[in-house]
Amino acid sequence: MTRQLRRTHNCGELSDKNIEESVTLCGWVHTRRDHGGLIFIDLWDKEGLTQVVLNPQIDSLAHQHAQSLRGNYVMAVHGKVRSRPEGMANAKMKTGAIEVYVDDLEILNRSKTPPFSGWEDEDVAEVLRLKNRYLDLRSDRLQNNLKIRYQITRVVRQVLHQHGFIEVETPMLTKSTPEGARDYLVPSRLNPKTFFALPQSPQLFKQILMVAGMDRYFQIVKCFRDEDLRNDRQPEFTQIDMEMSFIDEEQLFRLAEEMMQTIYKEVLGIAIATPFPILTYREAIDRFGSDKPDLRFGLELVDLGDVIQGTSFKVFADVLKKGGQIRAINIKNSAEILSRKALDDLTELAKTYGAKGMAWIKMQKGELQSPIIKFFEKDMLDHMIATLKGEDGDTIVFIADKPKIVADALAHIRLAAAKLLGLIDEKKINFAWITEFPLLEYNDEEKRFTAMHHPFTAPKEGDWEQFADSPEKISSRAYDLVLNGNEIAGGSIRIHQKEVQEKMFNLLGIGQKEAELKFGFLLDALQFGAPPHGGIAFGLDRLTMLLTGADSIRDVIAFPKTQKATCLMTQAPSEIDLKQLKELKLKYDLS
Ligand code: ASP
């Protein structure tokens, strides 16, 4: 079928500058109103809405056609642009000054009545929206999110191109190297009983590209991790993945900062200051209890170990004896706002992070209220309050426990208190680099060290030698970029010498044989002139969430999966034909 009408403009484009022009618009019937003889249609496409008017006196055939038009029908209209009559202009609409008087129309396709309108029905259950994703994707919200997502990747490509990077694709069917999360596996038909894995990240390929002399690589790439999903996780997600040769942290930071700065400027028109502040991991944990601190507000943690030393308050004394910590936050000017109930809620919150409880002192109307002050001598109490700069109107909250529990609990109390008190200025954009992460963390279950970032991260210079007997003290050259309390990127300077890489595997309890089997190709490559190199990967989905203000990661992905890792639109994953299984020489375990 040949189309008579050919689009001249989109539905967000016409203004009073186009008056008297003959135009053709194509789009979907968004709304339709009959007013006596006149039919008004708001025609929609991704650029906006235009009001088109059908008048039986201009074209009765078109008008007759229009009688059969329903919401979501796809149509083309030809007509003349007119100024809207006096008082009828709509300042809220981009094209609100004009309307198109139709003299010809073509129905390009009909539509069933949809289960909901992507344009209007905000309160539709997410299950229904995901099943009919094409309808939901028509909403301004999702259209806008996907445009911003695209703008981010456009700017990334532009900035990296200017700095001499090239985008290189790495395999999607690759080797299973379980170093972090669970792999998604793909059986190989041609090599029965063997499996590919979908990449958790292109880490080793990008390092090998450096050995190959590519110098500056990037890729906007899908990664796959078969994990139990939290609200901001998806089984397949996108990274802006980069690697560079002959660089140090500072050079990499400057480049990443320029990328962030250009994204904010070009996508949102917001200027951000660089360079970003740098906090070591230790400093971040000491001051904020978290390695992704939200720096838009204060409420810093204060260690009371020295002040409380020698206390007769048994709970605190026992914790100190066992090598634990007592740390506190002075929640300024909160005594009025933090009711008993609010303090109970904060205590419950602390318990979810393993704390046994939360102690508190309220300083209100010249008095101290607290279940614990009776256990302290006046001097120690005064000293404690002075250390925390406590004043009338403040509430001091304490956690006493193992260092990790204290940090986790207070980090979350800090955030919850800031929300309660309205201390977070949503307009602020606070980036920070977190550096010098520990190289290793001890895994109690597996009774061995695992790599805190990944096994290819270089140790901080000199630390190998200095902490030969206490590897837990070795710092690494890993870094994260944090934005308003969210980790948006992570990377490291890598190990580029085979012997060092072998030593690292050794520390991780990966024997020579296993290392050869799993990472032999990397160890091979490192022997052939691997340059010093390092890189970083940004989480594109999370970055887009932060730039759009979306509440859910599903709102920045065109076709997201549910929390059970399924696609409601295509019904994936699904059962497969027995024939396919046979070809793969696989059998179900039907037990
Ligand atoms: N591949 C790492 C990750 O996915 C990032 C990096 O070290 O560049 O977390």
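K.L.:
So, the overall build of the chain: which residues are in play, and what are the values?
P.N.:
In terms of helices and strands, the chain carries 17 helices and 22 strands. Taken along the three principal axes of its C-alpha coordinates, the chain extends 95 × 75 × 55 Å. Expressed as a percentage of its 591 residues, the buried residues of the chain come to 49%. The long-range fraction of contacts in the chain, counting pairs at least 24 apart against all pairs at least 6 apart in sequence, stands at 68%. Counting only carbon and sulfur atoms, one obtains 51% of the accessible surface of the chain, whose full area is about 30700 Å².

K.L.:
Any chance you could break down the layout of surface pockets for me, citing the residues and the numbers?
P.N.:
When its volume is computed, the second largest pocket comes out at roughly 370 Å³. Residue lining of the second largest pocket: 18 residues in total, with Val-315, Val-319, Lys-356, Ala-400 and Asp-401 positioned closest to the centre. Looking at the lining of the second largest pocket, the elements that each hand over two or more residues are helix H9 (314–321) and strand E16 (395–401). Per-class residue counts for the lining of the second largest pocket are 10 nonpolar, three polar and five charged.

K.L.:
Run through the site of the ligand, naming residues and quoting values.
P.N.:
Taken together, 13 residues lie near the ligand, and Gln-203, Lys-206, Gln-239, His-453 and Arg-494 sit nearest. Within the contact set of the ligand, an oxygen atom lies 3.0 Å away from a side-chain nitrogen or oxygen of Gln-239. Note that an oxygen atom of the ligand is positioned 2.8 Å from one of the side-chain N or O atoms of His-453. Elements with a minimum of two residues in the shell around the ligand: helix H5 (203–211), strand E21 (486–493) and strand E22 (533–539). Here the residues of the shell around the ligand are counted per class, giving two nonpolar, eight polar and three charged.

K.L.:
An account of the sheet that holds strand E5 (residues 98–109) is needed here, citing residue identities and associated values.
P.N.:
Here we have five strands rolled up into a closed barrel, ordered E1-E2-E3-E5-E4, and mixed in their pairing. Shown here is a sheet whose adjacent strand axes are inclined to one another by a mean of 55°, direction ignored. Strand direction decides the pairing type here: strand E4 (residues 74–83) and E5, joined by 10 bridges, are antiparallel. Bridge pairing in E5 places Ser-83 opposite Ile-98.

K.L.:
So what about helix H6 (residues 249–268)? Which residues, and what values?
P.N.:
For H6, with 20 residues, the first-to-last C-alpha span of 28 Å sits near the 28 Å given by 1.5 Å per residue. Where H6 is concerned, the buried positions are Leu-252, Phe-253, Leu-255, Ala-256, Glu-257, Met-259, Met-260, Thr-262, Ile-263, Tyr-264 and Val-267. Once H6 finishes, Gly-269 follows within two positions and takes phi at roughly 70°, a positive value.

K.L.:
Describe the environment of Gln-4, and please don't skip the residues or the numbers.
P.N.:
Mapped onto the elements of the fold, Gln-4 is located in the segment before strand E1 (22–35). Spatially, the C-alpha atoms of Gln-4 and Ala-76 are 9.2 Å apart, while their sequence positions differ by 72 residues. Apart from residues no more than four positions distant in its own chain, Gln-4 is found in contact with Asp-104 and Glu-106.

Parameters and conventions
- Residues numbered from 1 in each chain as written.
- Predicted model: local features only at pLDDT ≥ 70, side-chain atom pairs only at ≥ 80, totals over all residues.
- Heavy atoms only, no water.
- Helix = DSSP H or I, 4+ residues; strand = E, 2+ residues; numbered from the N terminus.
- Buried < 20%, exposed > 50% of the residue type's maximum accessible area, 1.4 Å probe, protein only.
- Contact = heavy atoms within 4.5 Å.
- Areas by Shrake-Rupley, 256 points an atom, 1.4 Å probe, with all protein chains shown as cover.
- 1 Å grid on protein atoms, 1.4 Å probe; cavity = no way out; pocket = protein on both sides within 12 Å on 5 of 7 lines; lining within 4 Å.
- Points joined across faces, edges and corners; volume = space filled by probe spheres on them.
- Nonpolar A, V, L, I, M, F, W, Y, C, P; charged D, E, K, R; others polar.
- Near = heavy atom within 4 Å.
- Polar contact = N/O pair within 3.5 Å; in protein donor to acceptor, adjacent residues only side chain to side chain.
- Pairing = 2+ DSSP bridges.
- Axes fitted to C-alpha atoms, helices over the stretch in contact; angles between N-to-C directions.
- Expected span 1.5 Å × (residues − 1).

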